[in-house]
Amino acid sequence: MRSALSVARTGLDAVAHHRLRSAVVVACVVAALLPYLVALGVGHGLLDQAEVSLAEGADLTVTGLRFGRPAPLDLAAVETVRRLPGVTDAWPRVVGEVQLGRDGWPAVVVGVPADRLPASLEAVEGRLFAPGATHELVVGRALASRLALRVGAFVPPFYENEHGVKVSRVVGIFRADAPLLESNVVLTSVETALAVFAQQGVATEVLVRCGPDYVPEVRRAILALRTLGGDDGHGPVRPRVVTRDDARAVLTASVLHREGVVGLHFLLAFAVGIPLVLVTSGIGLAERRREVGLLKAVGWHTDQVLLRAGVECLVLAVLAASASVLLAALWLGPLRGTGVAALFLDATDTAPDARIPWRLTPVPVLLASAVALAVVLSGTLVSTWRTAGASPAEALR
Amino acid sequence: MTAPVLVAALDVSRRFRGTGPAPVEALLGVTLEVERGAFVALVGPSGSGKSTLLALLGALDRPTSGRVVFDGADLLRASDAARTRVRRRIGIVFQGGPTLRRVTAVDNVGMPLVARGVPAAEREARARAALGRVGLADRAGSPPEELSGGELQRLGVARALVGDPELVLADEPTSSLDRENAAAVADLLSAAHAEGRTVVVATHDDALVARATRVVELAHGRVVADRRR
């Protein structure tokens, strides 16, 4: 036991004695591991954010289809749905894209009743829009910062429509638990949103809350409705219903798909990384070979030589994994996942003032550490084992 | 009455793959029995097989044919672990004084003791004592990179002796040294012999050969002369 500890200690010393060799191995592993950890961090952050949104959202989201294409729902549909058995609440939501500022920055106007705003949403400046008030806007923190909008600022008309030119006023800046909302969302009342988009008596979707265990039944009942649109002469609007679980599955699949793509790159990187480490550790390969030959010649058993190399590998893997996790946190936090976040989010969400959601969980970190160990072991232990198995004279030659 | 044989090479041949199509025959049917307490000098021109024979005697290499027997044990059939146990009874001074780079002299000398489970304090004390014996007490904390060629060779002697070996093998221990350092290394080997250890050196150094009790001459991989004094 004492012998094993002494041998292990020499492995630890070897890391410090061969700084260049150690640094090259750690750098190679970090180079392959880091983007993967960053991608996992962003992926998990997005899933968390999706979960927050889903938890605060409705049980069912009802949209309309006409000839297989999205169509607005008549506001009367809200009342129709609300009367269905099992429905505890239903409200309209108007969603549409506008362009703001001199550079035409894309933003999403969301019109909802004031009393249906997400619970986690809070005004960090000013207030949320008042019930019944029109042309009051509450702007996401990142969007306000980007467009230099302050409370009290007047927003020029999004565009002129048949109701005339209307100027809206920013009454508040909001923050949300789902940070992406802050980067491109403008919240307002349903009435204001309809005015913005020159619409009357319609909604983009109807959000529904149901009693416990009523979701399937309500879903069936809504789908059974012949139409949810007004009789405007363009044909009926058929309902389309997305449950919370459906939305969760779509969001998760989307994130996992991207994680999968990154994971594939990660595997490729390691497939390249292993030979790379093997080659780069060639900086110390001749030296390691000589060391092994010398140790064997002076009476070290093969397993002792392997233990020494194994401890060296373990220390290097721990160093590489720790450095990767720290750098990943740096990349995700202050550097906002630059480069990798764009794989998951669009340009608006990755703008400089947007918060990028991220979370590093223990499992991928441990998994990454294990892979780092495997890479370093394969790069070092194999060559050590081969040398230790050969005659010392050959290794020293 | 002759002393018992400690190590013997019996009809050994060693063939290497060369750079050309033909293999290199380093040793051809060499037989050499080394008695306990002997001081044997292996002499001969470069490429005559001295270093190869030394490596075979030190269980650092295996012969292509023939047998090497150490204290009655056949090394050809021995397992890797058994050969390692034999190597622990042998101290080897390598040509060129290879060391663990950036590791202090005292740790380099103590390295054979690490594998034997010698406690750190005792290991350091023995390594310092060995360094003191070779006149390197004041260089104990220096890495090999800071030592001269003569100091490196003496460090190699200290490392070979630190494990209290029965057999000391030295491959060209004075080849790259000036006269003063060569004499110092030769003195150390003579002292080891005087302590009762068996010493086998491969050398071109006449001064060192003069200290030997037996001179074995090799040429083209064969023993061509064997003189006892």
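Rules of the game
Residues numbered from 1 in each chain as written. Chains lettered and ligands numbered in written order. Predicted model: local features only at pLDDT ≥ 70, side-chain atom pairs only at ≥ 80, totals over all residues. Heavy atoms only, no water. Helix = DSSP H or I, 4+ residues; strand = E, 2+ residues; numbered from the N terminus. Rg over C-alpha atoms; globule rule 2.2 N^0.38 Å. Contact = heavy atoms within 4.5 Å. Areas by Shrake-Rupley, 256 points an atom, 1.4 Å probe, with all protein chains shown as cover. Lys, Arg positive; Asp, Glu negative; His and termini not counted. Charge placed at Lys NZ, Arg CZ, Asp CG, Glu CD. Pairing = 2+ DSSP bridges. Axes fitted to C-alpha atoms, helices over the stretch in contact; angles between N-to-C directions. Salt bridge = Lys/Arg side-chain N within 4 Å of Asp/Glu carboxyl O. Buried < 20%, exposed > 50% of the residue type's maximum accessible area, 1.4 Å probe, protein only. Polar contact = N/O pair within 3.5 Å; in protein donor to acceptor, adjacent residues only side chain to side chain. Parallel < 35°, antiparallel > 145°, perpendicular 65-115°, else oblique. Left-handed = near helix turned anticlockwise from the far one by under 90°. 1 Å grid on protein atoms, 1.4 Å probe; cavity = no way out; pocket = protein on both sides within 12 Å on 5 of 7 lines; lining within 4 Å. Points joined across faces, edges and corners; volume = space filled by probe spheres on them. Nonpolar A, V, L, I, M, F, W, Y, C, P; charged D, E, K, R; others polar. Domains from an automatic or database assignment. pLDDT = per-residue confidence, 0-100. Core = buried A, V, L, I, M, F, W, Y, C linked by side-chain atoms within 4.5 Å.

Trainee: Residue-level account of the overall build of chain B, with values.
Mentor: Looking only at helices and strands, chain B features seven helices and 10 strands. Compactness check: chain B gives a C-alpha radius of gyration of 17 Å against a globular reference of 17 Å for 229 residues, within 12% of the reference. Dimensions of chain B along its principal axes, counting C-alpha atoms only, are 50 × 45 × 40 Å. Considering only contacts in chain B between residues 6 or more positions apart, those separated by 24 or more positions represent 67%. Taken as a whole, chain B presents about 9,600 Å² of accessible surface, with 50% of it coming from carbon and sulfur. On chain B, the mean spot of the 31 positive side-chain charges and the mean spot of the 27 negative ones are 5 Å from each other.

Trainee: Go over the sheet that holds strand β1 (residues 5-16) of chain B with me, naming the residues and quoting the values.
Mentor: All names here are of chain B. Read across the sheet, four strands follow the order β2-β1-β4-β5 without closing on themselves; strand pairing throughout is antiparallel. Of all strands in the sheet, those with a lone pairing partner are β2 (24-35) and β5 (73-74), marking the two edges. Against the sheet, helix α1 (residues 50-57) engages β1, β2 and β4 (65-70), with an angle of about 125° to β1.

Trainee: Account for the pattern of salt bridges, with residues named and values stated.
Mentor: Close approach of charged atoms allows side chains of opposite charge to pair. All names here are of chain A. Counting across every chain of the model gives 38 salt bridges over all chains. A salt bridge links Arg116 to Asp115; its shortest N-O distance comes to 2.9 Å. A residue is classified by how much of its surface remains accessible, and Asp115, at 59% relative accessible area, is exposed. Look at the salt bridges and you will find they share partners, linking Arg21, Arg288, Glu291, Arg308 and Glu312 into a network.

Trainee: Account for the sheet that holds strand β9 (residues 214-219) of chain B, with residues named and values stated.
Mentor: Residues and elements named next belong to chain B. Strand order in this open sheet of six strands is β6-β7-β8-β3-β9-β10, and the pairing throughout is mixed. What marks the edges here is a single partner per strand, and that holds for β6 (90-93) and β10 (222-228). On average, each strand axis in the sheet is tilted by 15° relative to the strand beside it, whichever way the strands run. When β6 meets strand β7 (residues 167-171), the two strands line up parallel, connected through four bridges.

Trainee: A description of the interface of chain A and chain B should follow, citing residues and the corresponding values.
Mentor: On the chain B side, the residues contacting the 26 residues of chain A number 27 residues. Between Glu287 of chain A and Arg102 of chain B there is a salt bridge; the shortest N-O distance is 3.4 Å. On inspection of chain A and its partner chain B, the count reaches 14 residue pairs in polar contact (both at pLDDT 80 or more). Among the secondary structure elements, those contributing two or more residues to the side of chain A that touches chain B are α1 (2-17), α9 (285-297), α10 (302-332) and α12 (392-396) of chain A.

Trainee: Outline the packing of helix α3 (residues 105-114) of chain B against helix α5 (residues 149-162) of chain B, supporting the account with residue identities and numerical values.
Mentor: Residue and element names in this part refer to chain B. Look at α3 against α5: their axes get within 8 Å of each other, and the N-to-C directions meet at 30°. In terms of their interaxial angle, α3 and α5 are classed as roughly parallel. Once α3 is placed against α5, the crossing between them reads as right-handed. Mapping the contact onto sequence places Ala105, Asn108, Val109, Pro112 and Leu113 in α3 and Leu155, Ala158, Arg159 and Val162 in α5.

Trainee: Got a sec to walk through the layout of surface pockets? Specific residues and values, please.
Mentor: Within this model, the largest pocket holds a volume of roughly 1,600 Å³. Ser53, Leu54, Arg93, Leu181 and Leu251 of chain A are the residues nearest the centre of the largest pocket, which is lined by 49 residues in total. Top contributing element to the lining of the largest pocket by residue count: helix α2 (residues 19-56) of chain A, with eight residues. For the lining of the largest pocket, the residue count by class is 29 nonpolar, nine polar and 11 charged. The residue makeup of the lining of the largest pocket includes at least three contributed by each of domain 1 (2-51 + 250-396) and domain 2 (73-236) of chain A. There is about 440 Å³ of room inside the second largest pocket. For the lining of the second largest pocket, the elements supplying multiple residues, two or more each, are α12 of chain A together with α1, β6 and β7 of chain B. Broken down by element, the lining of the second largest pocket gets its largest block of residues, four residues, from α1 of chain B. Partitioned by chemical class, the residues of the lining of the second largest pocket number 12 nonpolar, three polar and three charged.

Trainee: Requested: an account of the confidence of the model for chain B, with residues and values cited.
Mentor: Averaged over every residue, the pLDDT of chain B is 93; residues scoring 70 or more account for 100%. Confidence estimates for the predicted assembly give a pTM of 0.72 and an ipTM of 0.92.

Trainee: How would you sum up the environment of His44 of chain A? Please name residues and give values.
Mentor: When you line up the elements, His44 of chain A lands in helix α2. Apart from residues lying up to four places away in sequence, His44 of chain A is in contact with Glu259, Arg359, Thr361 and Pro364 of chain A.

Trainee: Kindly report on the nonpolar core, identifying the contributing residues and their values.
Mentor: In terms of nonpolar packing, the biggest core is built from 46 residues, with Trp300 of chain A together with Leu42, Leu53 and Val200 of chain B touching the most fellow members. Looking at which element gives the most residues to this core, the answer is α1 of chain B, with five residues. Apart from the residues lying within four places of it in its own chain, the contact partners of Val200 of chain B are Val34, Val40, Leu42, Leu54, Leu57, Leu167, Val168, Leu169 and Ala170 of chain B.

Trainee: Could you give an account of the side chain of Ser189 of chain A, naming the residues involved and the relevant values?
Mentor: With respect to the helices and strands, Ser189 of chain A occurs in the loop between β10 (185-188) and α6 (190-196). Setting aside anything within four residues of it in sequence, one finds Ser189 of chain A in contact with Gly111, Val112, Phe129, Ala133 and Thr134 of chain A.

Trainee: Describe the side chain of Asp89 of chain A, listing the residues and the values that go with them.
Mentor: Residue and element names in this part refer to chain A. Summarising the element assignment, Asp89 is placed in strand β4 (residues 87-100). At a separation of 2.6 Å, a polar atom in the side chain of Asp89 contacts the side chain of Arg116. Ignoring sequence-local partners within four residues, the contact set of Asp89 consists of Arg82, Arg116, Leu207, Val208 and Arg209.

Trainee: Explain the packing of α2 of chain A against α10 of chain A residue by residue, including any values.
Mentor: Residue and element names in this part refer to chain A. Relative to each other, α2 and α10 sit at 40°, their axes nearing to 7 Å. As the angle between them shows, α2 and α10 are arranged oblique. Remark: the crossing between α2 and α10 carries right-handed chirality.

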